[in-house]
Amino acid sequence: MKIQYGLSLQFLIIVIFSTSQPIQSSTNPDYPCKPPHHNSYTFCDTSLSISTRAKSLISLLTLSEKINQLSNNASSVPRLGIPSYEWWSESLHGIATNGPGVSFNGSIPSATSFPQVLLTSASFNRSLWYKIGSAISIEARAMYNSGQAGLTFWAPNINIFRDPRWGRGQETPGEDPMVVSDYGVEYVKGFQGDDDDELRVSACCKHFTAYDLESWRNYSRYSFNAVVSEQDLKDTYQPPFKSCIREGKASCLMCSYNEVNGIPACANEGLLQQARTDWGFKGYITSDCDAVATIHEYQHYVKTPEDAVAVALKAGTDINCGSFLVTNTQSAIEQGKIKEEDIDKALFNLFLVQLRLGLFDGNPIKGKYGNLGPHDVCTTEHKKLALDAARQGIVLLKNDNKFLPLKRSGVSSLAVIGPMANDTSKLGGGYTGIPCDPKSFMDGLQAYEVNTTYIPGCLDIPCSSADKFAEAVQIAKEADVVIAIFGLDLSQETEDHDRSSLLLPGKQMDLISAISKVSKRPLVLILTGGGPLDITFAKEDPRIASILWVGYPGEAGGESLAEVIFGDFNPGGRLPVTWYPESFTSVPMNDMSMRPDPSRGYPGRTYRFYSGDKVYRFGHGLSYTNYTYKFETAPNRISLSGSTINADSRKDITYQKSDGLDYVRIDELMSCHDINFSVNISVTNNGDMDGSHVLLLFSRPQRILKGAPKEQLIFYDRVHTKSNTVTETNIFMEPCRHLSIVNEQGHKILPLGNHILMLEGLEHPILIET
């Protein structure tokens, strides 16, 4: 959420960026409703409904005081005893330094740094995601109680990782709408706590919507118009936000910079009000920073700053990250473009969330979460959770001849080569704070093999020089085993910076090839970063025995990698994104279409629609053991009976398409529950190692309706398996949810005929008929 301003807003840069600098924290937070002078207001009366209290507070404010609440840095109201409040704190995968609401300058000098989101999502473990959200929120509330953070955090990022070049793809749970939706729900539930009326802290689903481009050629996120079909909007871009609100009950939604079909997201009343009216959103809507200004300054959607204020507030944006609303709202009122009532609506949403957080309940130290403090941050439990998350996410991409795991007794020396191998500062990726106790990859490996030599080889990740290659080649010759650690860091992919190539940066490939030629044994290649890489050369090179993707593993990255390499943990992560070949960079990044279009040579996007070659498929991931599967019980036929289809509309409910495939519209079924069924699957661990194994069950209609996915994930689970043992999993299937697709008109439909369930090469057909 970097802030960009037009020339007329230059003076605001000092204001906003000064708040982004480290701030001196107090021992405890300042708070409203302090006795004896400011606790008798109606908005302080906890016996009243929060709606009544919010309306009372609004009624006491002057127009100027109301306007000064419309910034992330909301002004104080001294006469009412209300201190200033900073809405902007960050917690993507741990408390981060990005937002001005967070300071590590106090009694809490660090916080647990969990793996970056994409690696965590590779675990395909819902309970892990919930636990991480919960752990981060406990540390967040503890930091608030210590005067070092706010209560409103702008995470999670639940945009779809649509294009492999996107610099912020690392922040997301990947490319599959169901997985991204589930991650958002679990994170928000864990983060906000179990009581929807009394939030531990507030989570924010961002960036709404169809945002996944930073800067590509002459396209910028501040002015980009995302042209999205109704079909793609309904089945790809919107489901994570719908789930985050409906099931996760998120208390904040952030509208993005970009336009959606010609309308800036923060001025798009149709989108923002859909969240409230159709999805039941009860929270506040914040702009990205400074997305209200971009409506005028970059997108030129309106002629004046006052017009931008008017379209944003009337559309449903409640607060502006930045000072644009504070600066221009008064003149918008004077020009008759908005009324004071428009401001009151925004304040009502803002104050409701603050009231749910207990901000107006008196001293927070005496409240429900008042016991949380420094002793609840960087706990042994949280650090173990960070380690477990990194372990579970690591993906074994290649392992020729079972080269890994290494046996400690069989390795006399290690050569570790790569610019990130001995660096703890880049383990977290974007939106990272100050970790508790970070361990580099070298730290982790040395704990297993004392005789370890390190050479960076490249001076940095861009690797523009070969000056240090000779040293790397020399230690590769001498070592028993070579571990090469290369890939990406934030110099290659980050907010405001997309990649142009999918190859390893600079001369990395040259160095890897050079050391593989001289090493005594085939080497082990470790890949860092969030973006997919075209490493076809390594995949096909027999001198590179094993490849592991470790993403941005967080503070426990070194320990987790060493445990996997030496076999103390059996890897089970799966890729949450497709890894494309370099040729994909010819595909226009600004094309938002998910479906392929052969007539213009467009291959489509993500595993659901992409029709081209792949380096590694979505869901790829190996283990140190091998598994076999069996459909133990599954129906062969499902009938849409009379109780499911309304008799009055039965003659109209089934439609015939030109390709011969019938379907039923989901919204015309009386009940979907009557056709639910169970599938029982057995998994046999045929090896000598226990393993935490990810099951991925896909489906596809036997005859493909136009625009339907080639396949789609309908179930996943992470199950613990014991060596040489059978483990059974029962899957509850809801055809209206799992087997439906979205047609070109944006309607969810259930195709009739055979649906093929697919599990690791096994197929089971289920006939759906009327």
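Above this text sits the structure in question.
The paragraphs below set out a description of the structure included in this document. Fair warning: this is a prediction, and the values are worked out from it, not measured in the lab. (Residues numbered from 1 in each chain as written. Predicted model: local features only at pLDDT ≥ 70, side-chain atom pairs only at ≥ 80, totals over all residues. Heavy atoms only, no water.)

### Some thoughts on the state of the cysteines
Part 1: Evaluation of the coordinates by the stated rule reveals 8 disulfides.
Part 2: The disulfide partner of Cys33 is Cys44, and the gap between their sulfur atoms is 2.0 Å. Judged by the sign of its S-S torsion, about -85°, the bond between Cys33 and Cys44 is left-handed. Here the residue Cys33 occupies a position in the loop between α1 (10-19) and α2 (50-60), and Cys44 occupies one in the loop between α1 and α2, the gap between them amounting to 11 residues. (Disulfide = S-S within 2.5 Å. Helix = DSSP H or I, 4+ residues; strand = E, 2+ residues; numbered from the N terminus.)

### Topic: the sheet that holds strand β9 (residues 263-264)
Part 1: Judged by pairing direction, the sheet is mixed, and its 3 strands sit side by side in the order β6-β8-β9 without closing on themselves. With partners counted over all chains shown, the strands left at the sheet margins are β6 (225-226) and β9, one partner each.
Part 2: In this structure, β6 lies alongside strand β8 (residues 259-260), joined through 2 bridges in parallel fashion. Counterpart to Ala226 in the pairing with β8 is Val260. (Pairing = 2+ DSSP bridges.)

### Topic: the pairing of strand β11 (residues 395-399)
Part 1: Most of β11 sits out of view: 5 of its 5 residues are buried.
Part 2: Of the pairings in the sheet, the one linking β11 to strand β16 (residues 544-551) comprises 4 bridges and is antiparallel in character. From the neighbouring strand, Val395 faces β16, where its bridge partner is Trp549. (Buried < 20%, exposed > 50% of the residue type's maximum accessible area, 1.4 Å probe, protein only.)

### Some points on the packing of helix α14 (residues 380-393) against helix α19 (residues 557-565)
Part 1: Where α14 meets α19, the axes come as close as 9 Å, and the angle between the chain directions of the two elements is 45°. When the axis of α14 is compared with that of α19, the two are oblique. By crossing handedness, the relation of α14 to α19 is classed as right-handed. Residue-level inspection shows Leu387, Ala390 and Arg391 of α14 in contact with α19, the latter providing Glu559, Ser560 and Glu563.
Part 2: Of the residues in the contact of α14 with α19, the class split is 2 nonpolar, 1 polar and 3 charged. (Axes fitted to C-alpha atoms, helices over the stretch in contact; angles between N-to-C directions. Parallel < 35°, antiparallel > 145°, perpendicular 65-115°, else oblique. Left-handed = near helix turned anticlockwise from the far one by under 90°. Contact = heavy atoms within 4.5 Å. Nonpolar A, V, L, I, M, F, W, Y, C, P; charged D, E, K, R; others polar.)

### Points about the packing of aromatic side chains
Part 1: Tallied over the entire structure, the rule returns 30 aromatic pairs.
Part 2: Summarising the aromatic geometry, the rings of Tyr580 and Tyr610 are spaced 4.8 Å apart at their centres and angled 70° between planes, so their arrangement reads as edge-to-face. You can see Tyr580 sitting in the loop between α19 and α20 (606-609) and its partner Tyr610 sitting in the loop between α20 and β17 (627-633), a full 30 residues away along the chain.
Part 3: The class for Tyr580 is buried, based on a relative accessible area of 2%.
Part 4: Residue class for Tyr610 comes out buried when judged on its relative accessible area of 4%.
Part 5: With 5.7 Å between their ring centres and 75° between their planes, Phe584 and Tyr610 make a pair best called edge-to-face. With Phe584 in the loop between α19 and α20 and Tyr610 in the loop between α20 and β17, this pair connects stretches of sequence that are 26 residues apart.
Part 6: The class for Phe584 is buried, based on a relative accessible area of 3%.
Part 7: Of the aromatic side chains, those joined through ring pairs into one cluster are Phe124, Trp129, Phe153, Tyr183, Tyr187, Phe191, Tyr607, Phe618, Phe698 and Tyr716.
Part 8: The side chain of Arg126 reaches across the aromatic face of Tyr716, ending 3.9 Å from its centre.
Part 9: Over the ring of Tyr616 we find Lys539; its NZ or CZ atom is 4.7 Å from the centre of that ring. (Phe/Tyr/Trp six-rings, centres within 6.5 Å; stacked < 30°, edge-to-face > 60°. Lys NZ or Arg CZ within 6 Å of the ring centre and 35° of its normal.)

### Considerations on the sheet that holds β11
Part 1: The 6 strands lie next to each other as β11-β16-β15-β14-β12-β13, forming an open sheet whose pairing is mixed. Every interior strand has two partners, whereas the edge strands, β11 and β13 (452-455), have only one. Each adjacent strand pair in this sheet contributes to an overall mean axis angle of 15°, direction not counted.
Part 2: Bridging between strand β12 (residues 414-417) and β13 involves 4 bridges; their strand directions are parallel. Within β13, the residue paired with Ile417 across the bridge is Ile455.
Part 3: Across the sheet, helix α16 (residues 469-478) is in contact with β12, β13 and β14 (481-487); its angle to β12 comes to roughly 155°.

### Points about unusual backbone geometry
Glycine aside, a negative phi is what most residues show, and trans is what most peptide bonds show.
Part 1: Cis geometry marks the peptide bond from Lys206 to His207; its omega dihedral reads 0°.
Part 2: By secondary structure assignment, the location of His207 is in strand β3 (residues 204-208).
Part 3: Of note, the bond from Cys289 into Asp290 is cis; its omega dihedral lies within 30 degrees of zero at -5°.
Part 4: Unusually for a residue other than glycine, Lys402 sits at a positive phi of about 50°.
Part 5: Unusually for a residue other than glycine, Asn724 sits at a positive phi of about 55°.
Part 6: Mapped onto the fold, Asn724 is located in the loop between β23 (712-721) and β24 (725-733).

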